[in-house]
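# Secondary and tertiary structure notes
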Amino acid sequence: MRIDQKHFPKLLFTILCLIILTSYWKVQQDDAYIFYSYASNIEGGNGYVFNNGEKINATTSPLYTLLVSFTYHNVKWMSNVTVPLVAHLIGFVCLWLLCYFGYKIFEHLNFKNGALLFPIIFLANPLLRNAVGMEIFLTLMLIMASLFAYLKNKMYLFWLVGALAVLARFDSILFILIVFIYDLITTKKINYKPIIIFVVLLLPWFIYSYFYFGELLPRSIYAKIQQGASGYWGDGSLFFSHFFSSFPGGAALGLIITILGLAGFVIASIIDKKYILNKATLIIIIWQVLLFLIYGLILNPPGYQWYYTFYSIIITWGFVLAFEAVVIKLNIQKTLVYAAYLVIFILAMVLPYKTFFKPYSSKYILYKSASEWLNLNAEFGSNVAADEVGILRFFYQKGKVHDVLGLTSNYSNNEAKEQKPAYMLVDYPNPPEYLKFTKEGDFKNYYASRTIIRGGNQKLIIYEKIK
């Protein structure tokens, strides 16, 4: 059966995204489970909460949280459907659409050889594995969709999708502002009517957030900035220093991929400036560079791995531009172009293949096992404190879960000392700096070790309050 050339790209996106979906299923991020707990509570009628009765917003993405909750509510009648499975399926759809809009953008630029390369290179980037289950795929998809709408001069659609991108992740406002300023400079006029759509879509959430949570922005934003300033994660530029090491496969691989991706811009510009001096590429470069500098020089949070997944866009963009420029410059035959696609596709499958045969992540096994132990041994109403609370909250059924880092609760490590929850979970044998007080004599006057949980190459000690 011959595949219509028009439908071939969509088939390619589907195959690639299915491979990603199945290969990365065992990647279960702890922070993703924070979303899952909120989504479960919303679906169960308990409200937009992490712990029942505590109105604290620790989700950086109201849109993703509500989308997971709404989807789960409508498909939970199917057997074996769980919130994590729903989130992974949403991630699959978002990646597919992201590939589609990326393909259409390069097709719009008349870079047809690079257009088909975009999904292969993007889905091959190891940084994607860090964001499985998170809101990042939804955010990037909406940003690419809004860029495509802008290139097609559909301004009402741009502002509508742009509002959704901001609700998917609040720092998407930077991208919207860049496009707005770029358009203002190039056209020297402002069309106010579509901007009203943007404001009208965003306003209800911020009104709700102010009256329900008492805050406009999520608690987690402030908490992560405070973490960077605390000194517990070290001094200096935490965000910059963790960039290369955030790549699965190590810092050396991260350095090579990044250099090759950025070198693509240089190669393309040397061959012909048109590859760089187009609307889409300039906006992407400005957005990614400013985002990187703001996070590194102003916010400087600890280097959580999924933060860096955003930069898979600029790395992919560089590869695609260089490929397009070289193919056109050397007049490479279609047969060789498709052979290059195949080689790159095979290389792209190495990480998904290796990940598929690995067990569940150690942290997932560790905290799920700890939750099961607590469900068997803790009394109802027993509160638990830990520094990793996503998986723990999702599976623990007998009480509240408090975060000593202040992401999901009003707790801090100092308040954990004073309020003395029924149980405390601490990395074993070496607790992080902010939990070193569990080694002190005063702590041992109130807590006793109950058990040590093992998961992969990690261990966790569970302390129980004794007085």
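Residues numbered from 1 in each chain as written. Predicted model: local features only at pLDDT ≥ 70, side-chain atom pairs only at ≥ 80, totals over all residues. Heavy atoms only, no water.

Further remarks concern the overall build of the protein chain. Assigned secondary structure in the protein chain consists of 20 helices and 5 strands. Relative to a compact globule of 467 residues, whose C-alpha radius of gyration would be 23 Å, the protein chain shows 23 Å and is just as compact. Dimensions along the principal axes, computed over C-alpha positions, put the protein chain at roughly 75 × 50 × 50 Å. Expressed as a percentage of the 467 residues in the protein chain, the buried residues total 54%. When the accessible surface of the protein chain is summed, it comes to about 21,200 Å², and 63% of that surface belongs to carbon and sulfur atoms. In the protein chain, which carries 39 positive and 25 negative side-chain charges, the distance between the mean positions of the two groups comes to 9 Å. (Helix = DSSP H or I, 4+ residues; strand = E, 2+ residues; numbered from the N terminus. Rg over C-alpha atoms; globule rule 2.2 N^0.38 Å. Buried < 20%, exposed > 50% of the residue type's maximum accessible area, 1.4 Å probe, protein only. Areas by Shrake-Rupley, 256 points an atom, 1.4 Å probe, with all protein chains shown as cover. Lys, Arg positive; Asp, Glu negative; His and termini not counted. Charge placed at Lys NZ, Arg CZ, Asp CG, Glu CD.)

Moving on to the pairing of strand β4 (residues 447-455). Both β4 and strand β5 (residues 458-465) contribute to a ladder of 8 bridges, which runs antiparallel. Looking at the pairing, Y447 lines up with K465 of β5. Count of turn residues in the β4/β5 antiparallel hairpin: 2 residues, of which G456 carries a positive phi of about 60°. (Pairing = 2+ DSSP bridges.)

Ordered by their spatial adjacency, 5 strands build an open sheet running β2-β1-β3-β5-β4, and the pairing between neighbours is mixed. The strands lining the two open edges of the sheet, one partner per strand, are β2 (401-403) and β4. Here the strands of the sheet are splayed against their neighbours by 25° on average, with no regard to which way each runs. As paired elements, strand β3 (residues 423-427) and β5 share 5 bridges and run antiparallel to each other. Note that in β5 the partner of Y423 across the bridge is E464. In the packing of helix α17 (residues 362-377) onto the sheet, contacts are made with β1 (384-386), β3, β4 and β5, and the angle to β4 comes to roughly 135°. (Axes fitted to C-alpha atoms, helices over the stretch in contact; angles between N-to-C directions. Contact = heavy atoms within 4.5 Å.)

Looking now at the packing of aromatic side chains. Counted under the stated rule, the structure contains 58 aromatic pairs. Look at F175 and W287: their rings are 5.3 Å apart centre to centre, the planes differ by 75°, and that puts the pair in the edge-to-face class. With F175 in helix α8 (residues 173-187) and W287 in helix α13 (residues 279-299), the pair connects residues that are 112 residues apart, well separated along the chain. On the accessibility criterion, F175 (0% relative accessible area) is buried. Where F394 meets F395, the ring centres are 5.1 Å apart and the plane angle is 85°; that geometry is what we call edge-to-face. On the basis of relative accessible area, F394 is assigned to the partly exposed category, the value being 23%. Taken together, the ring pairs connect F239, F240, F243, F244, F247, F292, Y295, Y304, W306, Y307, Y308 and Y311 into an aromatic cluster. (Phe/Tyr/Trp six-rings, centres within 6.5 Å; stacked < 30°, edge-to-face > 60°.)

This part covers the side chain of D31. Along the chain, the position of D31 falls in helix α2 (residues 30-43). Beyond its immediate stretch of four places on either side in the chain, D31 contacts M134, K224 and W306.

Moving on, we come to the pattern of salt bridges. On inspection of all chains with the given rule, the structure shows 9 salt bridges. R169 is the salt-bridge partner of E135, the closest N and O atoms lying 2.4 Å from each other. With E135 in the loop between α5 (112-124) and α6 (136-151) and R169 in the loop between α7 (155-168) and α8, the pair connects residues that are 34 residues apart, well separated along the chain. Several salt bridges share partner residues, and in doing so they unite E135, R169 and D171 into one network. (Salt bridge = Lys/Arg side-chain N within 4 Å of Asp/Glu carboxyl O.)

Attention shifts here to the pairing of β3. Across the 5 residues that make up β3, a large majority, 4, are buried. Pairing between β1 and β3: 2 bridges, direction parallel. Each bridged residue has a counterpart across the sheet, and for A385 the counterpart in β3 is M424.

Our focus in this paragraph is the nonpolar core. Among the nonpolar cores identified, the biggest contains 142 residues, and W287, W317 and L425 are the most heavily contacted of them. A223, L407, Y434 and F437 belong to the second-largest nonpolar core, a separate cluster that totals 14 residues. (Core = buried A, V, L, I, M, F, W, Y, C linked by side-chain atoms within 4.5 Å.)

Applying the stated criterion across every chain, the model contains 0 disulfides. Here C94 is not cross-linked by a disulfide; its sulfur's nearest cysteine counterpart is in C17, at 10 Å. Among the cysteines around C99, which has no disulfide bond, C17 carries the closest sulfur, lying 4.6 Å off. Given the relative accessible area of 0%, C99 is considered buried. (Disulfide = S-S within 2.5 Å.)

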